[in-house]
Amino acid sequence: MGKPTLYGLDGSPPVRAVKLTLAALQLPYDYTVVNTLKMDQFSEEYLKKNPQHTVPMLEDEGACIWDSHAIMAYLVGKYGKDDSLYPQDLLKRAVVDQRLHFEGGVVFASALRSIATLVFHSKPVPKERIEAIVEVYDFMEAFLQDHSYIAGDQLTIADFSLISSISSALVYVDIEAVKYPKLSAWIKRLEQLPYYGENAKGAEQYAAFIRSKNYTVID
Amino acid sequence: MGKLVLYGVDASPPVRAVKLTLAALQLPYEYTVVNILNKEQYSEAYLKKNPQHTVPLLEDGEALIWDSHAIIAYLVGKYGKDDSLYPKDLLKRAVVDQRLHFEGGVVFANALRSITKYVLFLGKTEVPKERIEAITEAYDFVECFLKDNKYIAGDQLTIADFSLISSISSLVAYIPIEATKYPKLSAWIKRLEQLPYYAENAKGAGEFAAVIKSKKFTIVD
């Protein structure tokens, strides 16, 4: 069995969610950098593999899989020693799935990517973009009320998905521990994972890039 | 089997994706209207069930499940006679999952909900042209994904078709789909309209379109 190949770059939150998953599964892989800041994702070769021209993308035994959430679910199903990272139990899975779709829709598409696009193009940021991030933190705090991890008492791929984007949202809006005790504790808990560097390194690159842009928040 | 209760409103696209799935599985259920235009999702009773205050929400006995994609995956897993609507084969499932997440992020959040928020919930009369570009981008991707397949994730009907038709059939209220420009997308829509239970989507899509068309707005640079 050959090694899977991950395409992406460290700054990208969903790429980091997949890197966390690969590390948790202790799965060796090849990494091919696709620099979306340089438009590498629009090369003819890459478009043949992924017509949606996004990162991450996983190539495994000839198959091309994309969308971070689909990749992570596939990896656990195929390579996990057990199902703890993505439970087979239908009710437990439904919670993980809801958290994954929350990450893709509310967190990544609506909150994170929209503000990043404006900052990247040096445009002013309407305050609704900041409010969208605060709303994400409010939801996260609510979801974490009774459990140590985002989908229950066990670590799952939903934690990997959400920490990748939340750790990037931080560069725009701080998370005050007094205001968000559960969210802050959850972040610290995940930072203790032995492989957390798979997210931390790229999150810092992302933050450095955003900080290098001067942007203003407007009414 | 516990009692199935679906909470939502027909105009809502993700509610319709669940209604299509329930019909495909021939599952009886109760329907409780939660009118989001009247902010009913913020009632204390509803927030206890769904702290994200969205529709649809499914109650199965005592279990509470939300997000349309999570609900439809759960329904097929629990009640499907087979796995054709949501294949267990990992590679086939990965394609369906990608289409589902594409619907949630690119189509629903970025294309549909953002413009609808402007026009309907914020009552604005000017819509930035990026909101229109987001819709055509969604159409372009779906056209591309369909390739030579009958359905959005391959040769079989899956929950990804239900998810995407619910939002695509609502986006047309803003921008119609020209058959010459989008032949595969147009053919796919017509194919799904032939489903014997398609009214589970058509009725609410019509209601959604009527609400949007009643609003006056212009596209600005």
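Conventions used here
Just so you know, the residues in each chain are numbered from 1, in the order the chain's sequence is written. Chains and ligands are labelled sequentially in the order written, the chains with letters from A and the ligands with numbers from 1. Predicted model: local features are reported for residues with pLDDT of at least 70 only, side-chain atom pairs are reported and counted for 80 or more only, and whole-chain, interface and lining totals are derived from all residues. Side-chain measures were taken over the full set of non-hydrogen atoms in the model, leaving aside hydrogen atoms and water. UniProt positions are given in the numbering used here, feature names are shortened, and annotations may be inferred rather than shown by experiment. Elements are defined by DSSP. Helices are runs of H or I of four residues or more, strands are runs of E of two residues or more, and each kind is numbered from the N terminus. Start and end points for every domain follow an automatic or database-based domain assignment. In what follows, residue pairs with any heavy atoms lying within 4.5 Å of each other are defined as contacts. Accessible area that two parts lose when put together, evaluated with a 1.4 Å probe and summed over both, is termed the buried area. Salt bridge criterion: a side-chain nitrogen from Lys or Arg within 4 Å of a carboxyl oxygen from Asp or Glu. Any pair of nitrogen or oxygen atoms within 3.5 Å is treated as a polar contact; in protein, a donor-acceptor pairing is required on top of that, and neighbouring residues in sequence qualify only through side-chain atoms on both sides. Any residue under 20% of the maximum accessible area for its type is buried, any over 50% is exposed, and the rest in between are partly exposed; the area is computed with a 1.4 Å probe on protein chains only. All amino acids are sorted into three groups, where Ala, Val, Leu, Ile, Met, Phe, Trp, Tyr, Cys and Pro are nonpolar, Asp, Glu, Lys and Arg are charged, and the leftover types, Gly among them, are polar.

What follows is about the UniProt feature "domain: GST C-terminal" (unreviewed entry) in chain A. The positions UniProt marks with the feature "domain: GST C-terminal" (unreviewed entry) are residues 89-209 of chain A. Across residues 89-209 of chain A, the secondary structure splits into 70% helix and 2% strand, with the terminal C-alpha atoms separated by 41 Å.

Right, let's talk about the domain arrangement of chain B for a bit. Interface size is commonly expressed as the accessible area that is lost once the parts come together. All names here are of chain B. When cut into domains, chain B gives domain 1 (4-79) and domain 2 (90-220). Distance from the C-alpha centre of domain 1 to the C-alpha centre of domain 2: 20 Å. Tallying the contact residues gives 18 residues for domain 1 and 24 residues for domain 2. Summing both partners gives a buried area of about 1700 Å² for domain 1 against domain 2, and 73% of it is carried by carbon and sulfur. For domain 1, the biggest contributors to the area lost against domain 2 are Arg16, Leu20 and His69; these three give 37% of the whole. In this assembly, domain 1 and domain 2 are joined by one salt bridge. The interface formed by domain 1 and domain 2 contains nine residue pairs in polar contact (both at pLDDT 80 or more). Those elements that provide at least two residues to the side of domain 1 that touches domain 2 are helix 1 (13-24) and helix 3 (68-79). Ranked by residues supplied to the side of domain 1 that touches domain 2, first place goes to helix 1 with nine residues.

Scanning all chains against the criterion turns up 18 salt bridges over all chains. Its salt-bridge partner being Glu44(A), residue Lys48(A) comes within 3.9 Å of it at the nearest N-O pair. Here Glu44(A) and Lys48(A) lie together in helix 2 (residues 44-49), a separation of four residues that amounts to about one turn. Judged by its relative accessible area of 63%, Glu44(A) is exposed. The partner of Lys184(B) in a salt bridge is Asp148(B), with the nearest N and O atoms 3.4 Å apart. Note that Lys184(B) is positioned in helix 7 (residues 183-193) and Asp148(B) in the loop between helix 5 (129-146) and helix 6 (159-171), a separation of 36 residues in sequence. On the accessibility criterion, Lys184(B) (33% relative accessible area) is partly exposed.

Inspection of the secondary structure assignment puts Asn110(B) in helix 4 (residues 90-121). Taking the relative accessible area as the measure of exposure, Asn110(B) reaches 18% and is therefore buried. With residues near it in sequence (within four places) discarded, Asn110(B) still touches Arg113(A), Gly105(B), Arg131(B), Ala134(B) and Glu137(B).

With 31 residues of chain A at the interface, the matching set in chain B holds 32 residues. Both faces considered, chain A and chain B share a buried interface measuring about 2600 Å² in area, 69% of it formed by carbon and sulfur atoms. Broken down residue by residue, the surface that chain A buries against chain B is led by Gln52(A), Leu90(A) and His101(A), which jointly contribute 22%. The interface formed by chain A and chain B holds zero salt bridges in total. Applying the counting rule to chain A against chain B returns six residue pairs in polar contact (both at pLDDT 80 or more). Contributions of two or more residues to the side of chain A that touches chain B are made by strand 4 (63-66), helix 3 (68-79), helix 4 (90-120) and helix 5 (127-143) of chain A. Per element, the largest residue contribution to the side of chain A that touches chain B is 16 residues, and it comes from helix 4 of chain A. Among the residues forming the side of chain A that touches chain B, the class breakdown is 16 nonpolar, nine polar and six charged.

All names here are of chain A. Partitioning chain A into structural domains gives domain 1 (5-79) and domain 2 (90-218). Counting from both sides, the interface comprises 17 residues of domain 1 and, opposite them, 24 residues of domain 2. Both faces considered, domain 1 and domain 2 share a buried interface measuring about 1600 Å² in area, 72% of it formed by carbon and sulfur atoms. The largest per-residue losses of area from domain 1 upon contact with domain 2 belong to Arg16, Leu20 and His69, which jointly make up 39% of the total buried on that side. For the interface between domain 1 and domain 2, the tally reads one salt bridge. Lys201 serves as the salt-bridge partner of Asp10, at 2.6 Å between the closest nitrogen and oxygen. Taken together, the links from domain 1 to domain 2 amount to nine residue pairs in polar contact (both at pLDDT 80 or more). Going through the elements one at a time, helix 1 (13-24) and helix 3 are the ones with two or more residues in the side of domain 1 that touches domain 2.

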